[in-house]
Amino acid sequence: MIVSAKKRRLTWRRALDNGLTYLALTLVSLVFLFPCLWLILASLSRSGSLYDIRGFFPSAYSLQTFVDLFTNDVNGLYPYGRWFLNTLYVSGMSCVLGTVLVILTAYVMSRFRFRGRDGVKRLTLVLGMFPGFMGMTAIYIIMAQFNLLNRLEALIFLYAGTAPMGYLVQKGYFDTIPFTIHEAARIDGATHLQIFTRITLPLSRPMLVYTALTQFAWPWSDCLLPKLLLKNRDQWTVAVGLFSMPETHFSRFAAGSVFIAVPIVILYFCLVKHIVNGLTAGAVKG
């Protein structure tokens, strides 16, 4: 009887803990969901102005704003279709180049021992402590000297070139792959390139997915660098274009924000399993 009473108390305590945990998670989810829901409703506003929204709900709804995003550029002021293609180009190329550079850097730092390796690790850790905007002036001057202002390729070079600085998660994942597999392949006569392409990469699918998605998401939503380097309106990305919209075109801004968020949300939902596996495995070692 005493044992059963203790079990009942433990069961009620566990149920209470679970209930409070789910309640807290639900409240936090609602807090984060509220701005997204309000932005979606604002994108359906018929008037289009921020000042015509009274409280939480617009006075009238319409899907015309989403149609106008690609059919009406307001005399060339808001060419959303062009901005979207620019963003897709920069994000796609940065994703490919950045993923290759990060994976190669992490693999070298994980599998090879060379002079200065520890110094490079410490240097990247120290540099990672400084915010990126500290070098904006230097970046602008360098891009001007190389005549790369107002060119989307400048953004691709910057995003891809700075990507290897965040190699530690990928290195941690490669550290979890046993060295004995590589030693056995070396005994069988495999070269370093064959070991990397035929053994390491097939075993690193979660990390490859995680790296590619993070390298794609950063340029997709970044506003600071494109705003600094791109001056012509036709060269802007979506983030810069949306930032330039006034309050009278708020529903256009909201519709553009919702539309640009859809692809990345779909990617996250489709690849969430690989993302979690890659991130958790890569956090085991540093």
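So, here's what we can say about the structure. Predicted, not measured: the structure shown is a model, and the values here were computed from it. (Residues numbered from 1 in each chain as written. Predicted model: local features only at pLDDT ≥ 70, side-chain atom pairs only at ≥ 80, totals over all residues. Heavy atoms only, no water.)

**Considering the packing of aromatic side chains**
The line we're drawing: Two rings belonging to Phe, Tyr or Trp (six-membered ring only in the last case) form a pair when the distance between their centres is within 6.5 Å. Interplanar angles under 30 degrees mark stacking, angles over 60 mark edge-to-face geometry, and anything in between is tilted. Helix and strand assignments come from DSSP, with helices taken as H or I runs of at least 4 residues and strands as E runs of at least 2, each series counted from the N terminus. Burial status follows relative accessibility: with a 1.4 Å probe on protein chains alone, a residue under 20% of its type maximum counts as buried, one over 50% as exposed, and anything between as partly exposed.
Within this structure, the stated rule accounts for 14 aromatic pairs. Ring geometry for Tyr107 versus Phe174: centroids 5.9 Å apart, planes at 90°, classification edge-to-face. With Tyr107 in helix 3 (residues 80-111) and Phe174 in helix 7 (residues 168-175), this pair connects stretches of sequence that are 67 residues apart. You'll find Tyr107 and Phe174 in the same group, each marked buried. Between Phe250 and Phe253, the aromatic rings sit 5.7 Å apart at their centres with planes inclined by 35°, giving tilted as the arrangement. Taken together, the positions of Phe250 and Phe253, both in helix 13 (residues 250-282) and three residues apart, correspond to about one turn of that helix. The class for Phe250 is buried, based on a relative accessible area of 12%. Given the relative accessible area of 26%, Phe253 is considered partly exposed.

**Examining the environment of Pro206**
If you trace the backbone, Pro206 turns up in helix 10 (residues 205-221). Overall, the relative accessible area of 15% leaves Pro206 in the buried class. Pro206 sits 66 residues away from Val272 along the chain, and the two C-alpha atoms are 9.7 Å apart.

**Description of the packing of helix 3 against helix 9 (residues 192-203)**
What counts is decided by this rule: In this analysis an axis means a line fitted to C-alpha atoms, helices contributing only their contacting stretch, and an angle means the value between N-to-C directions, from 0 to 180 degrees. Comment on the angle field: the value is read as roughly parallel under 35 degrees, roughly antiparallel over 145, roughly perpendicular from 65 to 115, and oblique elsewhere. Whether two residues touch is decided by their heavy atoms; if any such pair falls within 4.5 Å, the residues are in contact. Polarity classes work like this: nonpolar for Ala, Val, Leu, Ile, Met, Phe, Trp, Tyr, Cys and Pro, charged for Asp, Glu, Lys and Arg, and polar for all others, with Gly in that last group.
At their nearest, the axes of helix 3 and helix 9 sit 13 Å apart, and the two run at 110° to each other. Classified by the angle their axes make, helix 3 and helix 9 are roughly perpendicular. When helix 3 is examined against helix 9, the residues Ile103, Leu104 and Tyr107 are found in contact with a partner set consisting of His192, Ile195, Phe196, Thr200 and Leu201. When its residues are assigned to classes, the contact of helix 3 with helix 9 shows six nonpolar, two polar and no charged.

**Quick look at the packing of helix 3 against helix 10**
Threshold: Take the far helix as your reference; a near helix turned counterclockwise from it by less than a right angle gives a left-handed crossing, and one turned clockwise gives a right-handed crossing.
Running from N to C, helix 3 and helix 10 point in directions that differ by 140°, and their axes come no closer than 8 Å. Judged on the interaxial angle alone, helix 10 and helix 3 are oblique. Note that helix 3 runs across helix 10; the crossing there is right-handed. On the side of helix 3, the interface is formed by Phe84, Thr87, Leu88, Val90, Ser91, Gly92, Ser94, Cys95, Gly98, Thr99, Val102 and Ile103, while helix 10 contributes Leu208, Thr211, Ala212, Gln215, Phe216, Pro219 and Trp220. Of the residues assigned to the contact of helix 3 with helix 10, the class counts are 11 nonpolar, eight polar and no charged.

**What to know about the nonpolar core**
The test is simple: For this analysis, a nonpolar core means a set of buried residues of the types Ala, Val, Leu, Ile, Met, Phe, Trp, Tyr and Cys, connected via side-chain atoms within 4.5 Å.
Formed by 31 residues in total, the largest nonpolar core has its most connected members in Tyr80, Trp83, Leu155 and Val238. Of all elements in the fold, only helix 3, helix 5 (136-145), helix 6 (152-162), helix 10, helix 11 (224-229), helix 12 (238-243) and helix 13 reach the threshold of two or more residues within this core. Ranked by residue count, the leading element in this core is helix 6, at six residues. Listed in part, the 14 residues of the second largest apolar core include Met109, Tyr167, Ile177 and Phe196.

**Here we look at the pattern of salt bridges**
Between side chains of opposite charge, a pair can form when the charged atoms approach closely. Stated precisely, the cut-off is as follows: Definition used for salt bridges: Asp or Glu carboxyl oxygen within 4 Å of a side-chain nitrogen of Lys or Arg.
Within the structure shown, the criterion is met by three salt bridges. Here Asp118 makes a salt bridge to Arg117, at a shortest N to O gap of 3.8 Å. With relative accessibility at 42%, the residue Asp118 sits in the partly exposed group. Arg117 gets classed as buried once you look at its relative accessible area, which sits at 10%. We note a salt bridge from Glu153 to Arg151, for which the minimum N-O separation is 3.9 Å. The class for Glu153 is partly exposed, based on a relative accessible area of 27%.

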